[in-house]
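# Fold and contact review
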Amino acid sequence: MRRKGIFIVIEGLDGSGKTTQAAILAKRLFKTYNPLLTAEPSRGKIGTFIRECCLYEDKRLPTEAEALLFAADRIEHLQKEIKPALEAGRLVICDRYLYSSLAYQGSAGLSLDWIKVINSRALQPDFALFIDVAPEQVLERLQRKKSVMETLETQRKVREIYLRFVENGELLRVNGNNPKERVADELYAKVLELLKTIPGSVS
Ligand code: TYD
């Protein structure tokens, strides 16, 4: 029996398929690990406020205020859902976490150091994976109404920051440009490899 839970984070651009992939992964790990699948913004008070009041263009807040709200949501999410599950020895899969704040609010101009400071109370995940899809492909999937050039530029900036964390080894890249089933296989294989590195996690 494991002594403590395992905390896995899945990151990616909007439209990268990460939510679908996190769900497939949770299903595949179900028998052995009975994982908790959760997401940020969370379903708590602050996360609900963010989803309802801050994500749409005409409702956007100053970037600093958004970053603080995401950080506050993270603390609530950790306290109410993630930590209790980990303490009960469960595996937690979180769709977006701290790297989303670094990539999105960082690409909007905030210093990565300040984002790290306001998130300094957030628990480090055991491992984090980045489903990497080309920004052009993501845009095609999203078929957004916004100016394509502007959005493409934004997506590129977000991806660039994610890739910095791939380079320094904090995020493990999964090629998300392949068909869904192949991405799911690669993600699953990588997670199994990573789980082997955690003592007592493989039964
Ligand atoms: P999400 O619900 O994952 O969107 P989707 O399921 O469509 O991919 O995330 C909503 C938005 O919130 C997304 O555009 C990214 C943004 N976000 C941040 O900017 N910072 C953060 O810290 C988090 C968690 C999300």
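Just above sits the structure.
Attention here is on the structure that accompanies the text. Along every chain, residues carry numbers that run from 1 in the direction the sequence is written. Per-residue local features are limited, in this predicted model, to residues with pLDDT of at least 70; the limit for side-chain atom pairs, both in listing and counting, is 80 or more; totals at the level of whole chains, interfaces and linings are taken over all residues. Only hydrogens and water are set aside when side-chain values are computed; all heavy atoms of the structure are taken into account.

A cis amide bond links Glu40 to the next residue, Pro41, at an omega of -5 degrees. Secondary structure elements are taken from DSSP: a helix is a run of H or I of four residues or more, a strand is a run of E of two residues or more, and numbering for both begins at the N terminus. Mapping Pro41 onto the fold places it in the loop between strand E2 (36-39) and helix H2 (45-53). Of note in the backbone geometry, Asn34 takes a positive phi value of approximately 40 degrees without being a glycine. Here Asn34 shows up in the loop between helix H1 (18-33) and E2. Despite not being glycine, Arg96 shows a phi value in the positive range, around 80 degrees.

Near the ligand, the surroundings consist of 14 residues, among which Asp14, Arg74, Arg96, Ser101 and Gln105 are the closest. At 2.7 Å from an oxygen atom of the ligand is found a side-chain nitrogen or oxygen belonging to Arg96. Ser101 is positioned with one of its side-chain polar atoms (N or O) 2.6 Å from an oxygen atom of the ligand. Note on areas: Shrake-Rupley with a 1.4 Å probe; residue coverage comes only from the protein chains shown. Here the ligand has 550 Å² of accessible area as a free molecule, and 78% of this is covered by the chains. If you list the elements that add at least two residues to the shell around the ligand, you get H1, helix H3 (63-87) and helix H4 (98-107). For the shell around the ligand, the element with the most residues is H4, which contributes four residues. Any residue with a heavy atom positioned within 4 Å of a molecule or strand is treated as near that molecule or strand. The definition of a polar contact used here is a pair of N or O atoms within 3.5 Å, where within protein one atom must be able to donate a hydrogen and the other to accept one, and adjacent residues in sequence count solely through side-chain atom pairs.

Looking now at a nonpolar patch on the surface. For patch building, the residue pool is restricted to those with more than 30% relative accessible area and no salt bridge; the joining distance is 9 Å between like charges and 5 Å between nonpolar side chains (Val, Leu, Ile, Met, Phe, Trp, Tyr). Basic side-chain nitrogens of Lys or Arg form a salt bridge, by our definition, when they fall within 4 Å of a carboxyl oxygen of Asp or Glu. Residues Leu68, Trp114 and Val117 make up a contiguous nonpolar surface patch of roughly 260 Å² in combined accessible area. Along the polypeptide, Leu68 turns up in helix H3. The cut-offs for exposure are 20% and 50% of the maximum accessible area for each residue type, with area from a 1.4 Å probe on protein chains only; residues under the lower value are buried, those over the upper are exposed, and the others partly exposed. Overall, Leu68 belongs to the partly exposed group, its relative accessible area being 41%.

What follows is about the packing of H1 against helix H8 (residues 180-196). Where H1 contacts H8, the two axes come as close as 10 Å, and the packing angle between them is 50 degrees. Relative to H8, H1 is oriented oblique. Viewed along their axes, H1 and H8 form a crossing whose handedness is right-handed. Along its contact with H1, which presents Thr20, Gln21, Ile24, Leu25, Arg28, Leu29 and Tyr33, the element H8 presents Lys180, Val183, Ala184, Asp185, Leu187, Tyr188, Val191, Leu192 and Leu195. We call Asp, Glu, Lys and Arg charged. Ala, Val, Leu, Ile, Met, Phe, Trp, Tyr, Cys and Pro are nonpolar, and the rest, Gly among them, are polar. Considering only residue class, the contact of H1 with H8 consists of 11 nonpolar, two polar and three charged. The convention used is that axes are lines fitted to C-alpha atoms, helices contributing only their stretch in contact, and that angles between N-to-C directions extend from 0 to 180 degrees. What sets the label is the angle itself: under 35 degrees gives roughly parallel, over 145 gives roughly antiparallel, 65 to 115 gives roughly perpendicular, and the rest give oblique. For any helix crossing, the convention is left-handed if the near helix is rotated counterclockwise from the far helix by under a right angle, and right-handed if that rotation is clockwise. Throughout, a residue-residue contact means that at least one pair of heavy atoms, one from each residue, lies within 4.5 Å.

We now examine the environment of Gln143. Mapped onto the fold, Gln143 is located in the loop between helix H6 (135-142) and helix H7 (148-167). Residue Gln143 is classed as exposed on the basis of its relative accessible area, which comes to 66%. Note: C-alpha distance between Gln143 and Gly15 (128 residues apart in sequence) is 9.8 Å.

Take the sheet that holds strand E5 (residues 171-175) next. Note on sheets: strands pair through backbone hydrogen bonds, and any given pair is parallel or antiparallel. Within the open sheet, the five strands sit side by side as E2-E3-E1-E4-E5. Their pairing is parallel. Only two strands of the sheet have a single neighbouring strand rather than two, namely E2 and E5. Between one strand and the next, the sheet's axes are offset by a mean angle of 25 degrees, whatever the strand orientation. The criterion for strand pairing is that DSSP finds at least two bridges linking the strands in question. Bridging between strand E1 (residues 6-12) and strand E4 (residues 127-132) involves five bridges; their strand directions are parallel. Within E4, the position partnered with Ile8 by the bridge is Phe127. Sheet strands touched by H1: E1, E2, strand E3 (91-95) and E4. Its angle to E3, the strand with the most contacts, is close to 175 degrees. Here H3 sits on the sheet in contact with E1, E2 and E3, set at roughly 160 degrees to E2.

Below, the discussion takes up the side chain of Asn119. Locating Asn119 in the fold gives a position in the loop between helix H5 (112-118) and E4. Asn119 sits in the buried class, given a relative accessible area of 5%.

Here the distance between the centres and the angle between the planes together describe a pair of aromatic rings. Working definition: rings of Phe, Tyr and Trp (its six-membered ring) pair if their centres are within 6.5 Å, and the pair is stacked with planes under 30 degrees apart, edge-to-face with planes over 60 apart, and tilted otherwise. Taken as a whole and judged by the stated rule, the model has three aromatic pairs. Centre to centre, the rings of Phe7 and Tyr97 are 5.0 Å apart; their planes meet at 80 degrees, and the pair counts as edge-to-face. Placement of the pair is Phe7 in strand E1 and Tyr97 in the loop between E3 and H4, with a sequence separation of 90 residues.

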